[in-house]
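Geometric and topological summary
For reference, the chains in residue letters:
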Amino acid sequence: MNAVRLFAFFFAFALGLCSLAAEARQEPQAVEQTVRAFLQQATAGLPGRVQIEVDPFDPYNQLPPCRQLQAFVPENVRLWGRVAVGVRCTEPTPWTAYLTARVAVFGAYYQSARPLRAGQVLSPDDLRREEGELTALPEDVVLDASRVVGARLRGSLAAGQPLRQSQIVLPDVVSPGMDVVVRATGPGFVVENRGKALNRAAPGETVRVRLEGGRVVSGQAQPDGSVALGP
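For the rest of this paragraph, the subject is the side chain of T34. Relative to the helices and strands, T34 is located in helix α2 (residues 28-42). Using a relative accessible area of 18% as the deciding quantity, one classes T34 as buried. With residues near it in sequence (within four places) discarded, T34 still touches L69, Q70 and A71.

As structure tokens, this is what we get:
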């Protein structure tokens, strides 16, 4: 009888320890919600409708409960498609864990309405607006038709293909001999100078400019025909 009571005592004690161990684990839903809230805030400015799915956090984790959770991602990580999000505990016991999430963005993009040839100047009739998951398309898919109408195609394109910025040759905004404004900016200042362009350039392309003093500088052509100097 004593042996039975002793066994029952140790059995109950073991159950109690298991219960305490389970209670000592980090609650998964709090971690998942921290990641979801972080992604919702970080993707608020993305075009279209954003859908976020967060993978479950390990319910059998051995992490101590945390009173202060903080989500983060490394710098320059694009929150687009599959992403890894870190969660750190700042108190009472520091630890760091990672969850995988998927950020899907749905919105409008443009594709070719018919077969297009290389060198063709795009008109509104050449483009067709479609709705779909932007995160499943090339990163430089065209989202704004006004930015490509009047531009030339680098190569041919079959009907129904997503139109990409890299397939577009924008019209030149700078030509040789053209008077241009050269602008350098920095924290709290803007310096402008004038000069003559030495080559043709479309927006975003490099243009060389001979300043009034004779010095030659290189910068990036802007849509308004000015030239922005790099840092």
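Moving on, we come to α2. In this model α2 runs 21 Å from its N-terminal to its C-terminal C-alpha over 15 residues, within 8% of the 21 Å that 1.5 Å per residue would give. What α2 keeps buried is the set P28, V31, E32, T34, V35 and L39. Down the axis of α2, the smallest arc covering the buried residues is 155°, so these residues share one side. Residues of α2 that are exposed and point over 90 degrees away from its buried face: Q29 and Q41. Packed against the buried residues of α2 are β1 (49-54), β2 (68-72), β3 (81-91) and β4 (95-112). Its side-chain oxygen at 3.1 Å from the backbone nitrogen of Q29, E27 defines the N-terminal cap of α2.

Bringing the layout of surface pockets into the picture now. In this structure, the largest pocket encloses a volume near 280 Å³. Taken together, R147, R154, Q165, I168, V169, L170, P171, A202, P203, E205 and P223 make up the lining of the largest pocket. Residues that form the lining of the largest pocket fall into these classes: seven nonpolar, one polar and three charged.

With that settled, the discussion passes to the packing of aromatic side chains. Per the counting criterion, the structure on display carries one aromatic pair. Judged by centre distance (6.0 Å) and plane angle (75°), the ring pair of F72 and Y98 falls under edge-to-face. Residue F72 is located in strand β2, and its partner Y98 is located in strand β4; the two are separated by 26 residues in the primary sequence. The exposure class of F72 is buried, given its relative accessible area of 17%. Over the ring of W80 we find R78, and its NZ or CZ is 4.0 Å from the ring centre. Above the ring of F72, the side-chain terminus of R88 is found at 3.9 Å from the ring centroid.

The biggest cluster of nonpolar side chains holds 25 residues, and the ones touching the most others in it are V31, V35, L39, L69 and W95. Counting only elements with at least two residues in this core, the list comes to α2, β1, β2, β3 and β4. Considering every element that reaches this core, the biggest residue donor is β4, with seven residues. For V35, the contacting residues outside a window of four places in its chain are V54, A71, V85, V87 and L99. Residues V148, L153, L163 and I168 belong to the second largest nonpolar core, which totals 12 residues.

Moving on, we get to the confidence of the model for the protein. Across the protein, pLDDT averages 88, with 89% of residues at or above 70. With pLDDT under 50 throughout, residues 3-22 is counted as low confidence; its partners more than four residues away or in other chains account for zero contacts.

The subject of this paragraph is the pattern of salt bridges. Within the structure shown, the criterion is met by 11 salt bridges. Measuring nitrogen to oxygen at the nearest pair gives 3.0 Å for the salt bridge that ties D55 to R82. Residue D55 is located in the loop between β1 and β2, and its partner R82 is located in strand β3; the two are separated by 27 residues in the primary sequence. For D55, a relative accessible area of 29% corresponds to the partly exposed category. The partner of R147 in a salt bridge is D144, and the shortest N-O contact between them spans 3.7 Å. Overall, the relative accessible area of 60% leaves R147 in the exposed class. With relative accessibility at 33%, the residue D144 sits in the partly exposed group.

What counts and how
- Residues numbered from 1 in each chain as written.
- Predicted model: local features only at pLDDT ≥ 70, side-chain atom pairs only at ≥ 80, totals over all residues.
- Heavy atoms only, no water.
- Helix = DSSP H or I, 4+ residues; strand = E, 2+ residues; numbered from the N terminus.
- Buried < 20%, exposed > 50% of the residue type's maximum accessible area, 1.4 Å probe, protein only.
- Contact = heavy atoms within 4.5 Å.
- Expected span 1.5 Å × (residues − 1).
- Arc of directions from axis to C-beta.
- Polar contact = N/O pair within 3.5 Å; in protein donor to acceptor, adjacent residues only side chain to side chain.
- 1 Å grid on protein atoms, 1.4 Å probe; cavity = no way out; pocket = protein on both sides within 12 Å on 5 of 7 lines; lining within 4 Å.
- Points joined across faces, edges and corners; volume = space filled by probe spheres on them.
- Nonpolar A, V, L, I, M, F, W, Y, C, P; charged D, E, K, R; others polar.
- Phe/Tyr/Trp six-rings, centres within 6.5 Å; stacked < 30°, edge-to-face > 60°.
- Lys NZ or Arg CZ within 6 Å of the ring centre and 35° of its normal.
- Core = buried A, V, L, I, M, F, W, Y, C linked by side-chain atoms within 4.5 Å.
- pLDDT = per-residue confidence, 0-100.
- Salt bridge = Lys/Arg side-chain N within 4 Å of Asp/Glu carboxyl O.

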